[in-house]
Amino acid sequence: MAVSFSDLHTEAGIKSLDQYLAGKSYISGDQLTKDDIKVYGALVEKLSGGFANACRWYGTVASHLAARFPGQAVGVRFAGQASSAAAAPAVGVKKDAPEGDDDDDLDLFGDETEEEKKAAEEREAAVKASSKKKESGKSSVLLEVKPWDDETDMKKLEEAVRSVEMPGLLWGASKLVPVGYGIRKLVIMMTIEDDLVSVDNLIEDCLTAEPANEYIQSCDIVAFNKI
């Protein structure tokens, strides 16, 4: 490793670290290693905006530690933020551990506890739920609502349809279309939020159930389009 632990308490040492990290995400290789944790724990000076590479790297390491040890990660300060590194070493690094002792001074890469596994599963579930919510959209649905016979009051039939209210449902334009033998059917548009309204349940539980079924014999979906 090009940067030694001994010079990281000086601005010159941090500058060397910043130059070393140019074009790199981590100290060694393309993933977090014990080298990153050691350098992280060795820093005692604040990182300012003049050390862009070091600040970027430091934030990455801090995020890893915060995810593994919620509420416990400590380290140097960025400009304008209080520092806790002088009072305590970074999580996972023994304050007085010899520089060459790589096997006993870190527990960051050890087996996860049951609590850590549970927390990781909860975070993953939250991410999936958030993604699913973002993907949820709206649909435009055209319904045909048929009366029992030619004596059915079509005005009251439409009133019965529009009286159905629920979150995510908006009724639109409508018209009466002749079917034959003096019978007409109601053709009506509605807009729904897909994750709030099920058209099948709307028809079965509301439109063809009491009291609406006094006027409505059946409902058919003519068109169903995503908006």
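Our subject is the structure that appears above.
This one's a predicted model, so the numbers in the text were calculated from it and none came from an experiment.

Looking at helix α6 (residues 199-207), one finds that the buried residues are V199, L202, I203 and L207. One side of α6 carries all its buried residues, which in axial view fall inside an arc of 95°. In this structure, α6 carries D200 and E204 as exposed residues pointing more than 90 degrees from its buried face. Packing partners of the buried residues in α6 comprise β1 (138-147), α5 (154-162), β2 (169-180), β3 (183-193) and β4 (216-226).

Two elements, β1 and β3, share 8 bridges in a ladder whose sense is antiparallel. Bridge pairing in β3 links V145 to L186. Alignment of β2 against β3, held across 9 bridges, turns out to be antiparallel. Counted as the bridge partner of L176 is L186 from β3.

Ranked by internal contacts, the top residues of the largest apolar core, which has 23 residues, are V161, W171, M190 and L207. Where this core is concerned, the elements lending two or more residues are β1, α5, β2, β3, α6 and β4. Within the second largest apolar cluster, 18 residues are counted, among which are Y26, L32, L43 and F51.

Here we come to the sheet that holds β3. Each strand in a sheet pairs with its neighbour through backbone hydrogen bonds, running either in the same direction (parallel) or in the opposite one (antiparallel). Ordered in space as β2-β3-β1-β4, the 4 strands form an open sheet in which the pairing is antiparallel. Each end of this open sheet is capped by a strand with a single partner; those strands are β2 and β4. Here the average twist between neighbouring strands, direction ignored, is 20°. Here α5 sits on the sheet and contacts β1, β2, β3 and β4; the angle it forms with β3, its principal contact strand, is near 15°.

Definitions and cut-offs
Residues numbered from 1 in each chain as written. Predicted model: local features only at pLDDT ≥ 70, side-chain atom pairs only at ≥ 80, totals over all residues. Heavy atoms only, no water. Buried < 20%, exposed > 50% of the residue type's maximum accessible area, 1.4 Å probe, protein only. Helix = DSSP H or I, 4+ residues; strand = E, 2+ residues; numbered from the N terminus. Arc of directions from axis to C-beta. Contact = heavy atoms within 4.5 Å. Pairing = 2+ DSSP bridges. Core = buried A, V, L, I, M, F, W, Y, C linked by side-chain atoms within 4.5 Å. Axes fitted to C-alpha atoms, helices over the stretch in contact; angles between N-to-C directions.

Spatial relationships are all this shows, so hold off on functional conclusions.
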